[in-house]
Amino acid sequence: MLEDGKEPETHQPALETLITNPDYAGVQWFGIEVNIDHLTFKPERFNVSWPKYILNKVDTYVSQTHDTRSNFLAKAALERINRTEYRYS
């Protein structure tokens, strides 16, 4: 979802709402908690130190493609991760 540009939805009905729903009468209930805090579009700042010549090349590229440094770096990182065998958790 994130790579498609869609924020994951975390809305869910209250358990009490489900339990009292006649469609679910007689079912067994269990729950699991999944932390999805790492799946967000909320930007997080970090510092990057590059040699000036690389920064100049990036700036030239992003100005010609109407992009931003941040977006360029994010796309480059995802492209690199997706073409390797590395699987993040």
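Further up the page is the structure itself.
Remember, predicted model here, so these are calculated numbers, not experimental data. (Residues numbered from 1 in each chain as written. Predicted model: local features only at pLDDT ≥ 70, side-chain atom pairs only at ≥ 80, totals over all residues. Heavy atoms only, no water.)

Participant: Quick one: what's the story with the pattern of salt bridges, residue by residue and with numbers?
Facilitator: Evaluation of the coordinates by the stated rule reveals 2 salt bridges. Salt-bridge contacts for D59 lead to R69; the nearest nitrogen and oxygen are separated by 2.7 Å. One end of the pair, D59, is in helix 2 (residues 52–64); the other, R69, is in helix 3 (residues 69–82), with 10 residues separating them in the sequence. Assessed through its relative accessible area of 24%, D59 is described here as partly exposed. Across the pair D67 and K75 runs a salt bridge, and its minimum N-O distance is 2.8 Å. Exposure remark for D67: the relative accessible area of 18% places this residue in the buried category. (Salt bridge = Lys/Arg side-chain N within 4 Å of Asp/Glu carboxyl O. Helix = DSSP H or I, 4+ residues; strand = E, 2+ residues; numbered from the N terminus. Buried < 20%, exposed > 50% of the residue type's maximum accessible area, 1.4 Å probe, protein only.)

Participant: An account of helix 2 is requested, with residue identities and associated values reported.
Facilitator: Relative to the 18 Å expected for 13 residues at 1.5 Å per residue, helix 2 spans 18 Å between its end C-alpha atoms, a close match to the ideal helical length. Two residues or fewer past helix 2, H66 is found with a positive phi of approximately 55 degrees. (Expected span 1.5 Å × (residues − 1).)

Participant: Describe the layout of surface pockets, and please don't skip the residues or the numbers.
Facilitator: Of the volumes computed, that of the second largest pocket is approximately 280 Å³. Lining the second largest pocket we find 11 residues, and of these Q12, F30, G31, I32 and V34 sit closest to its centre. Counted by class, the lining of the second largest pocket contains 8 nonpolar, 3 polar and no charged residues. (1 Å grid on protein atoms, 1.4 Å probe; cavity = no way out; pocket = protein on both sides within 12 Å on 5 of 7 lines; lining within 4 Å. Points joined across faces, edges and corners; volume = space filled by probe spheres on them. Nonpolar A, V, L, I, M, F, W, Y, C, P; charged D, E, K, R; others polar.)

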